[in-house]
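# Inside the fold
Each chain is listed here by its residues.
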Amino acid sequence: MHGAYFLLKELMEEDRNDLIYQMASKKDFPSWGNMLEQGATTSWESWSGGSHIHDTLISIGAWFIEGIGGIRLDEKAPGFRHFFLKPTPVAT
């Protein structure tokens, strides 16, 4: 669960949005889709429920901005004075 952030970052760096999409669109347990199927309106602290509005699993939200939208910061120009824009739509 805590490694999801690092896994998604690495997959985005490798331009593997196709794999992230497969992970994000699954509806069986455990998955983000399963949270939605269970009525979640926020990310849960654990796959099975528990605490809500917890950022442990929020990294999937960053994928929509950085992965699909392709808006990525330039680490040499902090503060978004310069950024990279490389949208990457995913075939469904």
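A brief look at the structure comes next. None of the values given here were measured: they were computed from a predicted structure.

### Quick notes on the pattern of salt bridges
The final tally for this structure, using the stated rule, is four salt bridges. Here D18 and R16 are joined by a salt bridge, their closest N and O atoms 2.7 Å apart. Judged by its relative accessible area of 33%, D18 falls in the partly exposed class. Judged by relative accessible area, which is 33%, R16 ranks as partly exposed. Its salt-bridge partner being E37, residue K27 comes within 3.7 Å of it at the nearest N-O pair. Placement of K27 in the loop between α2 (17–25) and α3 (32–37) and of E37 in helix α3 is noted, with a sequence separation of ten residues between them. When its relative accessible area of 53% is taken as the criterion, K27 is described as exposed.

### Quick look at unusual backbone geometry
Put simply, F29 and P30 share a cis peptide bond, and its omega is -5°. Secondary-structure assignment places P30 in the loop between α2 and α3. Non-glycine residue D15 carries a positive phi angle of around 55°. By the element assignment, D15 lies in the loop between α1 (4–13) and α2. By relative accessible area, which is 38% here, D15 ends up partly exposed.

Conventions we followed
Residues numbered from 1 in each chain as written. Predicted model: local features only at pLDDT ≥ 70, side-chain atom pairs only at ≥ 80, totals over all residues. Heavy atoms only, no water. Salt bridge = Lys/Arg side-chain N within 4 Å of Asp/Glu carboxyl O. Buried < 20%, exposed > 50% of the residue type's maximum accessible area, 1.4 Å probe, protein only. Helix = DSSP H or I, 4+ residues; strand = E, 2+ residues; numbered from the N terminus.

Note that every value here comes from positions in space, so none of it alone points to a role or purpose.
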